[in-house]
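Working through the structure, step by step
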Amino acid sequence: NAGVMQNPRHLVRRRGQEARLRCSPMKGHSHVYWYRQLPEEGLKFMVYLQKENIIDESGMPKERFSAEFPKEGPSILRIQQVVRGDSAAYFCASALAGALYEQYFGPGTRLTVT
Amino acid sequence: TQLLEQSPQFLSIQEGENLTVYCNSSSVFSSLQWYRQEPGEGPVLLVTVVTGGEVKKLKRLTFQFGDARKDSSLHITAAQPGDTGLYLCAAYSGYSTLTFGKGTMLLVSP
């Protein structure tokens, strides 16, 4: 059973470009969480999604960031008009509907904005 | 907002030594988790502690949850280079979202 998959593993964008990060949850997992890890701030929650629904986006910056988890396909975290401060490691985690307190993390996408 | 304070921030030891890292908060938690994160990878869940005073062992790792459920410790016996990594404590809040401490970076040298 494959684990959580994220791609790309590394992404370089120039300021002002868009970044799209993809997350394929573990088989059978319908809940996805996105976290961001900045060097001095640690790992912080961004958004929690269920298939076709955003459950909690309290950790998401109000502008430029959006997330979706369609009925088919991976979850996408989209960052528009990236700035240098967006450089970070972005992790997604997935969980089973009946075991939300057991999240499995992917290997992360390291975004560098030049 | 729950705040998890981890100490020390960084620990460098020789293979075979014992060590303890701590996770403290002013909040009471229904449960607390420990993760290990290796460079370039995502966090991997080590253990969940749920009962005040609980002690769980995972080979050379011993996890303890404080009686008041506000703090936890991780003790490693006879550390090995393979134990190197970032150790994170975390607690659930809100809609099953995790709040993490900043972690303890452990380096075990041969």
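Anything mentioned here points back to the structure above.
Source: prediction; values computed, not measured.

**Quick look at the interface of chain A and chain B**
In this complex, chain A contributes 20 residues to the contact, which on the side of chain B involves 17 residues. A buried area of about 1500 Å², summed over both sides, lies between chain A and chain B, and 56% of it is on carbon and sulfur atoms. Looking at the side of chain A facing chain B, the largest losses of area belong to A:Leu43, A:Tyr101 and A:Phe105, adding up to 34% of the total buried there. Between the two partners, chain A and chain B, sit 1 salt bridge. The shortest N-O distance in the salt bridge between B:Glu41 and A:Arg9 comes to 3.9 Å. Between the two partners, chain A and chain B, sit 5 residue pairs in polar contact (both at pLDDT 80 or more). Residue assignment for the side of chain A that touches chain B shows that the elements contributing at least two residues are β4 (31–38), β5 (42–50), β6 (53–56) and β10 (99–105) of chain A. Residue composition of the side of chain A that touches chain B, by class: 11 nonpolar, 3 polar and 6 charged.

**Some thoughts on the nonpolar core**
In terms of nonpolar packing, the biggest core is built from 24 residues, with A:Trp34, A:Met46, A:Leu77 and A:Tyr90 touching the most fellow members. Secondary-structure elements contributing two or more residues to this core are β3 (19–24), β4, β5, β7 (65–68), β8 (75–79), β9 (88–96) and β11 (109–113) of chain A. Not counting residues up to four positions away in its chain, the partners in contact with A:Tyr90 are A:Gln6, A:Leu21, A:Tyr35, A:Arg36, A:Met46, A:Phe65, A:Leu77, A:Ile79, A:Gly108, A:Thr109 and A:Leu111. With 23 residues, the next largest nonpolar core counts B:Leu4, B:Leu74, B:Ile76 and B:Val108 among its residues.

**Re the environment of A:Ala99**
In this fold, A:Ala99 is placed in strand β10. The exposure class assigned to A:Ala99 is partly exposed, which follows from its relative accessible area of 24%.

**Some remarks on the pattern of salt bridges**
Summed over the entire model, instances satisfying the criterion amount to 6 salt bridges over all chains. Residue B:Lys56 is joined to B:Glu54 by a salt bridge in which the shortest nitrogen-to-oxygen separation is 3.7 Å. Using a relative accessible area of 32% as the deciding quantity, one classes B:Lys56 as partly exposed. One network of salt bridges, in which partners are shared, links A:Glu18, A:Arg20 and A:Arg78.

**Re the state of the cysteines**
According to the stated counting rule, one finds 2 disulfides over all chains in the structure shown. Paired through a disulfide, A:Cys23 and A:Cys92 show a sulfur-sulfur distance of 1.8 Å. Between A:Cys23 and A:Cys92, the S-S dihedral sits near 70°, and the bridge is therefore right-handed. One end of the pair, A:Cys23, is in strand β3; the other, A:Cys92, is in strand β9, and 69 residues separate them in sequence. Taken individually, A:Cys23 and A:Cys92 each receive the classification buried, so the pair is uniform in this respect. Residue B:Cys23 pairs covalently with B:Cys89 via a disulfide, S to S 2.1 Å. The sign of the 75° torsion about the S-S bond sets the B:Cys23-B:Cys89 disulfide as right-handed. Taken together, the residues B:Cys23 in strand β3 (residues 19–24) and B:Cys89 in strand β9 (residues 85–93) connect sequence positions 66 residues apart. As far as burial versus exposure is concerned, B:Cys23 and B:Cys89 are alike and both buried.

**Description of the side chain of B:Thr104**
All names here are of chain B. On the secondary structure map, Thr104 appears in strand β11 (residues 104–109). For Thr104, the side chain forms a polar contact with the main-chain oxygen of Pro8, separated by 2.5 Å. Those residues in contact with Thr104, other than ones at most four positions away along the chain, are Gln6, Ser7, Pro8, Gln9, Val21, Gly85, Leu86 and Tyr87.

Cut-offs used in this document
- Residues numbered from 1 in each chain as written.
- Chains lettered and ligands numbered in written order.
- Predicted model: local features only at pLDDT ≥ 70, side-chain atom pairs only at ≥ 80, totals over all residues.
- Heavy atoms only, no water.
- Contact = heavy atoms within 4.5 Å.
- Buried area = accessible area lost by both parts, 1.4 Å probe.
- Salt bridge = Lys/Arg side-chain N within 4 Å of Asp/Glu carboxyl O.
- Polar contact = N/O pair within 3.5 Å; in protein donor to acceptor, adjacent residues only side chain to side chain.
- Helix = DSSP H or I, 4+ residues; strand = E, 2+ residues; numbered from the N terminus.
- Nonpolar A, V, L, I, M, F, W, Y, C, P; charged D, E, K, R; others polar.
- Core = buried A, V, L, I, M, F, W, Y, C linked by side-chain atoms within 4.5 Å.
- Buried < 20%, exposed > 50% of the residue type's maximum accessible area, 1.4 Å probe, protein only.
- Disulfide = S-S within 2.5 Å.

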